[in-house]
Structure formats: C-alpha cells, structure tokens
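Now for the letters of each chain:
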Amino acid sequence: MVEYIVTVHTGFLASGSTINNINIKLVGTDGESDHTWLTPWKIALTFVKGLVSSEYSFYVSCPTSLGKLVLIELDKQRLPLFPDDAWFPAKVEVKSPEGEIYNFPIYRWITDNEVHQFREGTALRVFDDTHHLGRYSRQQELKQREEEYRWDAYMEGIPHGIKAEDLSSLPCEVRFSFTKETEFAFTASIGMTELELKGLSASEEPWTNVDDISQVFYNKWTPVSEYTQQHWKEDAFFGYQYLNGVNPVLIQRCKVLPGNFPITADKIFLHGHCKLTDEMQKGNIYLCDYKRLGGLQANTINGKKQYLMAPLVLLQKTPDDKLMPIAIQLKQNPADDNPIFYPTDSEYDWLTAKIFVRSADFNEHQLNVHLLRTHLLAEVFAVSLLRNVPMIHPLYKLLIPHTRYTLHINILARLRLFSETGVFTEFASSGGEAMTTFLKRSLSEMTYTSLCIPDDIAERGVEDVPNYYYRDDGLKLWDIIYKFVEGILGHYYKSDAEVQQDTELQKWTSDIFEHGFLSQANTGIPQSLTTVAQMVKFVTMMIFTCSGQHSAVNSGQYDYSGWMPNTPTSLQLPPPTRKGTTSEATMLQTLPDINATAHGLAAIWLLSKQSSDFVALGQYPDDHFSEEVPCKMIQSFQGKLELLSEFIKARNKGLEVPYTYMDPKEIENSVAI
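Model, not experiment: these values are computed from the prediction. Numbering of residues starts from 1 in each chain and follows the order in which that chain's sequence is written. Under the rules for a predicted model, residues below a pLDDT of 70 receive no local features and side-chain atom pairs below 80 are neither given nor counted, while totals for whole chains, interfaces and linings still include all residues. With hydrogens and water stripped out, all remaining heavy atoms of the structure feed into the side-chain values.

All right, on to the overall build of the protein chain then. Working definition: helices are DSSP H or I runs of at least four residues, strands are E runs of at least two. Numbering for both runs from the N terminus. Of the regular secondary structure elements, the protein chain holds 20 helices and 18 strands. Compactness check: the protein chain gives a C-alpha radius of gyration of 28 Å against a globular reference of 26 Å for 673 residues, within 12% of the reference. In terms of overall dimensions, the protein chain has C-alpha extents of about 95 × 55 × 45 Å along its principal axes. Only heavy atoms matter for contacts: two residues are in contact if any of them lie within 4.5 Å across the pair. The long-range share in the protein chain, meaning contacts at least 24 apart out of those at least 6 apart in sequence, stands at 75%. Here, Shrake-Rupley sampling with a 1.4 Å probe gives the accessible areas, and only protein chains in the shown set may cover a residue. Surface accessibility of the protein chain: about 26,400 Å² in total, with carbon and sulfur atoms responsible for 52%. Here the protein chain contributes 60 positive and 84 negative side-chain charges, whose respective centroids are spaced 2 Å apart. Here the radius of gyration uses the C-alpha set of atoms, whereas the globule reference equals 2.2 Å times the residue count to the power 0.38. In this tally, Asp and Glu contribute negative charge and Lys and Arg positive charge; neither His nor the terminal groups of the chain are included. Charged side chains are reduced to one point each, which is NZ for Lys, CZ for Arg, CG for Asp and CD for Glu.

A separate point is empty space enclosed by the protein. One water molecule sets the probe size; rolling that probe over the atoms shows where empty space is left. Only protein atoms enter the 1 Å grid used here. Points where a 1.4 Å probe fits but cannot escape make up a cavity, open sets with protein on both sides within 12 Å along at least five of seven lines make up a pocket, and a residue lines them when an atom lies within 4 Å of a point. Grid points are joined across faces, edges and corners, and a volume is the space filled by probe spheres set on the points. Applying the stated criterion to the full structure yields 6 cavities of 30 Å³ or more. Of the volumes computed, that of the largest cavity is approximately 100 Å³. Val249, Val369, Arg373, Thr374, Ser450, Leu451, Ile453, Asp456, Tyr470, Phe544, Thr545 and Gln549 together form the lining of the largest cavity. Those elements that place two or more of their residues in the lining of the largest cavity are helix H7 (347-388), helix H12 (453-460) and helix H16 (532-554). In this classification, the charged set is Asp, Glu, Lys and Arg, the nonpolar set is Ala, Val, Leu, Ile, Met, Phe, Trp, Tyr, Cys and Pro, and all remaining amino acids, among them Gly, are polar. Residue classes in the lining of the largest cavity are distributed as 6 nonpolar, 4 polar and 2 charged.

Just so you know, the domain bounds were taken from an automatic or database domain assignment. As assigned here, the protein chain comprises domain 1 (2-121) and domain 2 (184-204 + 247-621). Centre-to-centre, using C-alpha coordinates, domain 1 lies 46 Å away from domain 2.

So, about the packing of aromatic side chains. In this description, an aromatic ring pair is defined by two values, namely the gap between the centres and the angle between the planes. For this analysis, a ring pair means two rings from Phe, Tyr or Trp (six-membered ring only for Trp) whose centres lie within 6.5 Å, classed as stacked if their planes differ by under 30 degrees, edge-to-face if by over 60, and tilted for the remaining angles. Going through the model one piece at a time under the given rule, you end up with 18 aromatic pairs. Taking 6.1 Å as the distance between ring centres and 20 degrees as the angle between the ring planes, the aromatic pair formed by Phe362 and Phe424 counts as stacked. Residue Phe362 is located in helix H7, and its partner Phe424 is located in helix H10 (residues 423-427); the two are separated by 62 residues in the primary sequence. Residue Phe362 shares its accessibility class with Phe424, and that shared class is buried. Relative to Phe538, the ring of Trp508 has its centre 5.4 Å away and its plane inclined at 70 degrees; by these criteria the two rings are edge-to-face. Placement of the pair is Trp508 in helix H15 (residues 503-516) and Phe538 in helix H16, with a sequence separation of 30 residues. Buried residues are those whose accessible area, probed at 1.4 Å on protein chains only, stays under 20% of the maximum for their type, while exposed residues exceed 50% and partly exposed ones sit between those limits. Take Trp508: its relative accessible area is 0%, and that puts it in the buried class. For Phe538, a relative accessible area of 0% puts it in the buried group. Aromatic ring contacts, followed pair by pair, group Tyr227, Phe237, Tyr240 and Tyr560 into a single cluster. Sitting over a ring, as applied to charges here, requires NZ of Lys or CZ of Arg to be within 6 Å of the ring centre and within 35 degrees of the ring normal. Just above the ring of Trp605 sits the side chain of Lys220; from NZ or CZ to the centre is 4.9 Å.

Here the focus is the sheet that holds strand S13 (residues 285-289). A pair of strands is treated as paired once DSSP finds two or more bridges between them. As summarised here, the arrangement of the 5 strands in space is S12-S13-S16-S17-S18, forming an open sheet in which the pairing is antiparallel. With partners counted over all chains shown, the strands left at the sheet margins are strand S12 (252-253) and strand S18 (340-341), one partner each.

Right, dumping it as structure tokens:
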C-alpha cells in the first residue's frame, strides 16, 4: 500500500467554513483511488475559513501508485444532526509517495452534495490536454459555465452583459464577499442618512448662496476636494483637469481649427503675445470637442427641463507650461445666438461658459469614459473568459484576478444608477433617453487603438504636453504590464501557430468582438488572434483597462466632483445667447437643485470609497499558477510595480496637486467599484 498526504486550504471568507463531511478521490494517469471520507472529527478543526489542514493531514491509501495526478473529485455530505452548509475551499495539495507535490486550485463555493472535479494546477492549453479524463473534465467545466454565464443584450446598441435579473442570480463565486457587501451597504446608508438629516435629499429648491453648497459632505472632502473648492474658477485649474482629472483622454493637439469653430484672431488672447497660426504650427494649441453630446434630448429633473451642451474648447500651452483655455463655444453649430466666449469677457460670462463645459465633461466622462470604456468592457472580458476558458488554461490563470467583483458591481449599477429609478437616470442631464443614444454613439466611434494608451497618446498628439501625469504614469504602467504578459504567455506559446490552434483562446477573442463590440469591424478590435505579439497586446489592453485605466477615471471622482460647481451633474438654464446677461444669481439658478446635488454627490462619494478587501494590482491572494517560472515572473512584476509606486510617490511630493490614480498601490486589480 502507498499513501498520499492531502492538505486542504479553506478560503478566508466569512461563511466559507463547513461542518459537513468531505469526500475525496484522486485520479492519476495509472489509476484512481477509492472515495475517501476525510476524518469527521477533524472537520471542525480543519475546514474553517483561512485555516490549513496541514497540522491534521489526511491520508488516502492506494494499493499502488496512481502515476501523475490529473484531477481530484470532491463532494460534501451533511453529517447527521448537523445542518447542510456551503464551503469555499481555496485549494488542495497532495503529496505523492514519490514526494512530488500536486496543487489543485479550487476557489469556488460548493453548496450542493454533487461530485465536483478539479484539475491539477499545471497550466495546459487545449492541445496540451492529452489525458482522456482531463479532456472530459475540461469539456464538462465549460459546459457548466456556459449555463451559469449567459450573454444578455439588455440594451440595444451597447455591449452585452451577463444575464442576471438581480444579484441573487449571479453565481456565488463572482459576488461580493460578505465584507465588501456589508461595507458597501453601510457606506451607502450613512451617506443618504446624513443628507436626509440635513434636509438636503428631498429639497427641490435651487441654491441661493454658493457657499451653502459646501454643506453637502464637507466632512468627507479630500485634500484635492478642498483644493478644487478653492481653485475651481481659475483657468489654470480648468486646463489642468484635462490632463490629470477624471477625463484625461479627450484632449488632442489642434493643427487646424474645426470648420464649425469660427474663432477670429482679433478677439482671441494668447499668452506670450503670439499668433494663433504660429502657435498651432508649434504644437501649442489643443482642442476638446464634445461633439458626441450633440443633439441629445436632455433630462427633466424636478419637473424642470435640463440643458446639456456639446461644447468646443480651445486651449493653449503657455510659455510657463500651463494649459489655459482661450476660447469656448457651447454648441456645435456656429450662429449669432451661439457666441464664442473668451477669457477677456466678463467674469460671469466666462465662468458660466466653463460651467457648461464642466457639466458636459461630467456626462461624457460618466457614460463614455467610465461606464462604457471600463465597466462595460470589463464585464465583456469577464463573461467571455468565464464561458470559454477553463481554469487550467494559462489565460484563465492570468486574467481571472482582473474580473473580481466586476459582474456584481455592474449589476448594482444597472439596478441603482441606470434603471428607470436610478440616481443617474433621475438626476443627470444625460439620464433617460439621452443615455441610450449617447452610449450607442460612443460604442460606434470606439477604436482598439484608443484602448491602448501608447497608441492613444500618439493619435491625440499629446506626447509632449508638460505636466501630463496620466500619460507619464500610464505609459510606464502599460510597459510593465506588457512585459509581464509577454513573459507569462511567451512561456506557454512558443510560436504563432500555437496561438492560432488554441480554440479556447480564439473563442474568447471572437466572443469579445461579437458581444463587446457588436461585430463592428471598424473598431479595429481583433476578431481572432494570429500571432503571439498580437495576443500579448490584446491581453495587456484587457488588464490595463480593468486596472490602471479604471483607476484613472474612477478614483478621483470625489476629488474633482466633491465641490459640485466644478462638475455639475446637470444644468437648469439654457446657455447665454449673448454676452453681458450673466451674474452670480443666474449662475446659481443654472446649477442643479439641492436634491439633485445631494443624490449625485452621494453616488460619487460611494463609488470613490475603497473597500477594506481591496486587492492592489499585481497582488494575487489566490494561487492559480503553481509552476516555478510563472511564479517568479509574478514576483518580478510585483517588484517593478513597487518601483513605479516609489517613483510616483517621490514625484508627488513636489506637486501642488499630487497625481495618485496610476500609483500601483492605489490601483485595484479589477473593476470592483
């Protein structure tokens, strides 16, 4: 007789323990063990959350060696007089009689009494999987996943998502942890309770004093929120936000003025007393064009028609390396009642024009830059991975950490933000009918290159804009991720032919093209992967989108929106049709009502809060990779991220407004909030 030593790891999750009996069977290339009940008296000591059974090792006896272990079978049975429960095993380690250690990653809930198969942890592509039981297990896993993770075209013209009526219909593995769910609900509750006690959440009155606006969550302001409140009127801060605020992807170099932006040289004031044509030739003029917002039917809030413009903004890089606005047109089509505003106009004419731009930026950012280009794409990446790629595949092992909580947070968003009674629908100017139109428009204009920061920076012509920390940190981060992905995938794929032959990889890619980009070839999204280099770039884009890019467009929301006049969710008066008609009173009448302000800021504050079970980029609490080479690559990846974090922290010490959103220690591994 020979003995196998079994060590069971239970995941560190609330309610992840079990007092039920566990049955195990080992399957190898040369045979199978009998089903073995793991000793009942050890259960209370062993299968408790976060504990490892090594102190109470289990033994599985066999007449002869089973050869190389391929998989294990586990099932959970209720003990007499004890209730049935759910168990979250993390992994099982088995030491063979020959002294070899086999790892079996699990990381899933076992809630029933059925037999479940789990593969040995060595990564195998579909054509590497030669054992007949291994291939069968692989097929059964994907068959089950296809039932659990089904596509749903829940809104025409936007990326498809997971079919789920509510949170309870999501598979247990992709839901929030107890800690995350409890903290999220508590944070939402205390935020709204505070606003209700202050009488802000139900008041449909306009603001009558700009200083009164600070009573909304003033006690929750960040240092950047306070800076915003102090500097929001300044042109330099207005321009700075195009580089390092929450929407740093709109600005582009302007070499020729758009035909619908008829600026006259005698009216424009340029810093440095130079000519506009000369400045454009030097590359010092930049454009922000909100044309995607054109023609949208703005919302109605508190029974009042709202206004949403599609501005054009021209900016100049000044000799002292600031980015300053020099002209604003609030509607796309030039007309006598659509004046172009300049910094030389009256204080409130110019400030009102900037407020309309900042409100347009809020809507462009929230729906396109944040929701569509991170949340919805991350959901597509996750569902395609979970449907098409088995746990044993190297791609699954590499990408699964970047899907954590994404499906749960997106279902919450659909229910609480974008449903008929959602906060965004009720209190944002682009809520309701405009939202669907805008999302369709944005997806139809999305390109693959715009999702890859090196290409995007080059296409927008912003390679040498000074003080552009989103670009500087983002390019460094992309390069670190790219080299990590290149190392991991290069370890498993030695030729382009192997990429082409991997049917699971190809199905993952084609599903993303079909369900994420609705088979629109003009996006440039790959429909299949043909080379190792193409695969590495595509996977890098996915990881960067779900981690660094989401952090860049999400984490600073309360920093720049905590002071509402800097980022109004909606506006209640039409833009001025001629100059000299604005004042502080008209500005206050234009800003959103008290309740719209309160509900908007409550949602933004909630979505900016970091959970205590936050997992930073590069951290892998779950051991999906077990081979030595990828594990060493992970350590190297973590080291490079640490160096980038140290560089960013040192740089930030010299900045008036620190840029932290691309600091790897502040970036979550996935779209989880």
